[in-house]
Amino acid sequence: MQLSSVRSAVEQLLLPAECLLCHALLGPRDAARIVCPLCRQRWRAVRPPWYERCGQPEPHFGPCRLCAEWPAALTRVRSAVWLDDGARPAVHGLKYGRLARIADDLAAAMVPLQPSTGGPSFLIPIPLAPKRLRERGYNQSEMLARALARQWRIPVVVDVLVRTRETPTQTALTPATRLANVAGAFGLRIDDCGLRIGNLPIKSAIRNPQFAIALVDDVFTTGATLAEAARALEQAGARRITGVTFARAAIPDFT
Ligand SMILES: [Zn+2]
Ligand SMILES: [Zn+2]
């Protein structure tokens, strides 16, 4: 190892860390954090009233257009904060910052999303397509799920839910278009994978009504991706699926 790289490693240990988003120095109390308290205060929590199922604020009376087509097993989706100018840099940092520690700060904001009863037994991150995973080097939803799992003290199941095809980037905004875009994009790889939840093989755990599954993603827009992932799990026998995301994008034309 070069002397200069040893020195920089030592400096990283000794110098106070700075906020990944605003570069303000982090005080000793926030040493374990990577986003400073001020930046975290700019995150605007998603609050009720909302549709019970999808967690979307109620625009008016009547059935919700967003979750009407969701598979029956997907019963509850919640997001921690609005994807606005306060939260966007944090999502960007998670996606492109390559710093696993930012996931801990985002997950901390998601901790209250756990229902008071009947919380999830394990987490499944929304997988990336293999090509995108190679380009990025990591799956940001998996980092988020691992961080949240540490705080909720439940297991994370990866490489079971997989993308079966690449999907074009979701640019269209209507819920119907987005659902069509991701239709059939997920599958399950559960035969002989050796994974167990407690003493149950993952295949049985997914089917067991005692176990609730929570899907984890970084951003919720119309829920199309979560719904399609839930559909794949439902086809494998899952009956109780919820979803949690760090941020929720406001849909301008949602009525
Ligand atoms: Zn900051
Ligand atoms: Zn809804």
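Quick look at the structure, then.

The next thing to look at is the coordination of the zinc ion (ligand 1). In a perfect tetrahedron of four donors around a metal, the angles come out at 109.5 degrees. In a perfect octahedron of six, they are 90 or 180 degrees. Distances from the zinc ion (ligand 1) to its protein donors, C19 (SG), C22 (SG), C36 (SG) and C39 (SG), fall within 2.3 Å. Geometry at the zinc ion (ligand 1) is tetrahedral, judged from its four donor atoms and the angles of 106 to 114 degrees they form at the metal. Donor residues for the zinc ion (ligand 1), ordered by position in the chain, follow C-x2-C-x13-C-x2-C. The residues C36 and C39 share a single accessibility class, namely buried.

Attention now moves to the sheet that holds strand 1 (residues 74-82). Within the open sheet, the four strands sit side by side as 1-8-7-2. Their pairing is parallel. The strands lining the two open edges of the sheet, one partner per strand, are strand 1 and strand 2 (122-125). Direction aside, the axes of adjacent strands within the sheet are offset by 25 degrees on average. Bridge count for strand 7 (residues 213-220) against strand 8 (residues 241-248) is seven bridges, and the pairing is parallel. Opposite V216, over in strand 8, you have V244 as the bridge partner. Where helix 6 (residues 140-152) meets the sheet, it contacts strand 2, strand 7 and strand 8, and its direction lies at approximately 130 degrees from that of strand 7. Strands in contact with helix 9 (residues 224-235) are strand 1, strand 2, strand 7 and strand 8; relative to strand 7, the strand with the most contacts, it is inclined by about 160 degrees.

On to the environment of V46. Mapped onto the secondary structure, V46 falls in the loop between helix 2 (37-41) and strand 1. Note: C-alpha distance between V46 and S79 (33 residues apart in sequence) is 6.6 Å. In this structure, V46 is in contact with G55, S79, A80, V81, W82 and R248, ignoring residues within four places of it in sequence.

A few words now on the pattern of salt bridges. Scanning all chains against the criterion turns up nine salt bridges. Note that D84 is salt-bridged to R44, the shortest N-O span being 3.1 Å. Taken as a pair, D84 in the loop between strand 1 and helix 3 (88-96) and R44 in the loop between helix 2 and strand 1 lie far apart in primary sequence, 40 residues in all. Residue class for R44 comes out partly exposed when judged on its relative accessible area of 46%. The salt bridge partner of R150 is D104, with a shortest N-O separation of 2.8 Å. Taken together, the residues span a long stretch of sequence, with R150 in helix 6 and D104 in helix 4 (residues 101-110) at a distance of 46 residues. A relative accessible area of 54% places R150 in the exposed class. Since its relative accessible area comes to 26%, D104 is described here as partly exposed.

Moving on, we come to the pairing of strand 8. With respect to burial, strand 8 is a largely interior element, eight of its eight residues being buried. Pairing of strand 1 with strand 8 involves seven bridges; the strand directions are parallel. In the strand pairing of strand 8, W82 is matched with R248. The handedness of the strand 7 to strand 8 crossover, carried by helix 9, is right-handed.

Now for the side chain of S79. When you line up the elements, S79 lands in strand 1. Of note is the side chain of S79, whose polar atom sits 2.8 Å from the side chain of T245. A polar side-chain atom of S79 sits 2.9 Å from a polar atom in the side chain of R248. Not counting chain neighbours up to four residues away, the residues in contact with S79 comprise V46, L113, F220, T245, F246, A247 and R248.

To continue, consider the coordination of the zinc ion (ligand 2). Every protein donor of the zinc ion (ligand 2) is accounted for by C54 (SG), C64 (SG) and C67 (SG), and the metal-donor separations fall at 2.1 to 2.2 Å. Sequence spacing of the donor residues for the zinc ion (ligand 2), all on one chain, is C-x9-C-x2-C. Note that C54 is positioned in the loop between helix 2 and strand 1 and C67 in the loop between helix 2 and strand 1, a separation of 13 residues in sequence. C67 carries the same exposure label as C54, and that label is buried.

Basis of the calculations
- Residues numbered from 1 in each chain as written.
- Chains lettered and ligands numbered in written order.
- Predicted model: local features only at pLDDT ≥ 70, side-chain atom pairs only at ≥ 80, totals over all residues.
- Heavy atoms only, no water.
- Donors = N, O, S within 2.8 Å, 3.2 Å for Na, K, Ca; no water.
- Tetrahedral: all angles 85-135°; square planar, octahedral: opposite > 155°, others 65-115°.
- Buried < 20%, exposed > 50% of the residue type's maximum accessible area, 1.4 Å probe, protein only.
- Pairing = 2+ DSSP bridges.
- Helix = DSSP H or I, 4+ residues; strand = E, 2+ residues; numbered from the N terminus.
- Axes fitted to C-alpha atoms, helices over the stretch in contact; angles between N-to-C directions.
- Contact = heavy atoms within 4.5 Å.
- Salt bridge = Lys/Arg side-chain N within 4 Å of Asp/Glu carboxyl O.
- Right-handed = clockwise from strand over helix to strand, strands pointing away.
- Polar contact = N/O pair within 3.5 Å; in protein donor to acceptor, adjacent residues only side chain to side chain.

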